[in-house]
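Spelled out, the chains give:
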Amino acid sequence: MKGWRTVGASIAAITGFLVGFTALLSLLLGDNPALFGDDPQAEALAQNLALPGAALLRLLVIMLALSIVIGIANLLLLHARRMAGGRLMSGILLASFAAAIGWRILLPGEVSLLEAIQLPIESALAALLCLTLVAGGARILTKRSDIWGLLLVLVVVVVLLGSLPFPELAPIAAFSDWLMRIPAQAGARAILLGIALGSVVVGARALLGQDRSLRG
Amino acid sequence: METTTQQVLSLLLVFATIVLVFAARILQARAGSRRKLRSIPAFERIPNWGSQAIEADSPLHLAFGSASIGEDNTTTALANAELFQRIIANNSAGDSPPTLSTSAPTTIPLASATVAAAWTGADGARNLHWYPQGKRALGYAAGISAVIGEDAPAAHILAGSFGMELGLILDSAGCNRQGSLAVSDQLEGQAVAFAMADEALIGEELFIAPAYVADASRLPAAAIVMDIWRALLMILVAAALVMGIAGQLPWLSWQLLALVALVALVLGVILWTLRRRRAEA
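In this text the structure is predicted, and so the values were computed from the model without any measurement. (Residues numbered from 1 in each chain as written. Chains lettered and ligands numbered in written order. Predicted model: local features only at pLDDT ≥ 70, side-chain atom pairs only at ≥ 80, totals over all residues.)

K.L.:
Explain the pairing of strand β2 (residues 99-102) of chain B to me, using residue names and the numbers behind them.
P.N.:
Residues in a regular strand point their side chains to alternate faces of the sheet. Residue and element names in this part refer to chain B. Of the two faces of β2, both are covered, the one formed by Thr99 and Ser101 as well as the one formed by Leu100 and Thr102. In this sheet, β2 lies alongside strand β1 (residues 60-65) in parallel orientation, the contact comprising 4 bridges. Of the residues in β2, the one forming a bridge with Ala63 is Ser101. You can see the chain leave β1, run along helix α3 (residues 74-90) and come back into β2, and the turn it takes is right-handed. For β2 and strand β3 (residues 128-130), the ladder comprises 3 bridges, and the chain directions are parallel. Each bridged residue has a counterpart across the sheet, and for Ser101 the counterpart in β3 is His129. (Buried ≥ 20, exposed ≤ 12 C-beta atoms within 10 Å, placed from the backbone. Helix = DSSP H or I, 4+ residues; strand = E, 2+ residues; numbered from the N terminus. Pairing = 2+ DSSP bridges. Right-handed = clockwise from strand over helix to strand, strands pointing away.)

K.L.:
Hey, could you go over the sheet that holds strand β5 (residues 179-184) of chain B for me, with residue numbers and the actual values?
P.N.:
With parallel pairing, the 6 strands of this open sheet are ordered in space as β3-β2-β1-β4-β5-β6 (chain B). Unpaired on one side and paired on the other, β3 and β6 (199-200) of chain B mark the two borders of the sheet.

K.L.:
Break down the confidence of the model for chain B for me, with residues and values.
P.N.:
For chain B, the average pLDDT comes to 83, and 91% of its residues sit at 70 or higher. Prediction confidence for the complex, expressed as pTM and ipTM, is 0.82 and 0.79 respectively. (pLDDT = per-residue confidence, 0-100.)

K.L.:
Now, about the interface of chain A and chain B: what can you tell me, with residues and values included?
P.N.:
Listed by partner, the interface residues are 51 residues for chain A and 59 residues for chain B. Elements with a contribution of two residues or more to the side of chain A that touches chain B: α1 (2-29), α2 (42-84), α4 (113-138), α5 (140-143), α8 (183-207) and α9 (212-215) of chain A. Residue contributions to the side of chain A that touches chain B peak at 16 residues, all from α8 of chain A. (Contact = placed C-beta atoms within 7 Å.)

K.L.:
Give me helix α4 (residues 107-118) of chain B: which residues, what numbers.
P.N.:
Residues and elements named next belong to chain B. If you check α4, its first and last C-alpha atoms are 17 Å apart, about what 12 residues at 1.5 Å a residue would give, namely 16 Å. Buried residues of α4: Thr107, Ile108, Leu110, Ala111, Thr114, Val115 and Ala118, and no others. Around the axis of α4, the buried residues are gathered within 165° of arc, so they sit on the same side. (Expected span 1.5 Å × (residues − 1). Arc of directions from axis to C-beta.)

K.L.:
Tell me what's going on with the pairing of β1 of chain B, and back it up with residues and numbers.
P.N.:
Residues and elements named next belong to chain B. Most of β1 sits inside the fold, with 6 of its 6 residues counted as buried. The alternating pattern of β1 places Leu60, Leu62 and Phe64 on one face and His61, Ala63 and Gly65 on the opposite face, and all of these are buried. In this structure, β1 lies alongside strand β4 (residues 155-161), joined through 5 bridges in parallel fashion. The residue of β4 that forms the bridge with Leu60 is Ala155.

Right, here's the structure in full:
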């Protein structure tokens, strides 16, 4: 059993390596005739190089569509099981699912249940989110009673004051604008650069078959 | 930048990373050269939450958010899967399989395989929730809030791709007195995580998280490569800054810069040696 698992993991790693490298080279280098210098066939060669990448992307689109079917099956099975266990919310979810499908079939020209119910609910949630974030910000000093928590609260207060439409607060508005343009942008770029580096390293590990999620 | 130059530089970056991953792995495997990871307090809470979950017979909630295979956050999904696999394996002595949630359909097979590979009990993937929404999914947050109420997880490890909706999930967790660790590859989600979660990771810490959760010889190699790239990036940014300033200061010469760099290097080596000796002592 263990032997078969090792073979399966090796096949998965080799397939991942081959497909990954093909896609990487094709997507990075494809469609650029300048790479082939003065070769009269440069245009055709560049297009040929881009072909595997394009084919793999098309395959990905098909898999994405298939994954939605898997998702729906998972959703229905999970909540059917939970409903059988006496979970009321799962029953409501399944009833809503059936109602949305039925509505679409029986009243094809009408406003869908999604537009009529879910969008207003999401708008209400968005409004609630605003209050939640303010409450969360207010609680920060109880969770992070250090210099960084204090600094965060101070910055929030300065930015909020700076956004008020009073001419007396113009210096605070200018300071708030500077905070958002320079330190906040610098911090955001640093975080994004870190994430980009992390992505490259994880991508390299995936290509080398070192990623456990690919090896199973 | 010209397209060809851009392509060549991208390829160089990828190949250099691959070589570094290999080299770091080989060096790491050699006896006596194992590198200790710097301490991150957030990771120290995870074993406690795992023990609480086993004792209380309640699940851990592990959330991918909108991290998905085939989109720009594929690597986030892969890093999450590895982290979750290790957390599940460490806590598979319990009776309650973990609750996993995602809003991306392509992550469902990944999450299912993650549980199957790590959970030793039966029917591990029975609590895999998919709430069909895209990025910044308020519907996803609402669905998870319902799960928080019904399943009562011991703690939430929200590591993936989240937007502002993370605030609703963390607020729900806080109201139910459940622990939370959060990190997001989106800036809005990261800000909310820092402000509202019990423990927060920042940016690239998500990608080296598996190294902290399990003691595996190969994983710190990724952390080493990240550190190398980060140091190179800092040197490049500093050099660009100095060159920018140099254009405005007539007294600044290359000789002076070389001298300052040499002094900084010597000081760095002395400090590093002192620190190492103190650690050994």
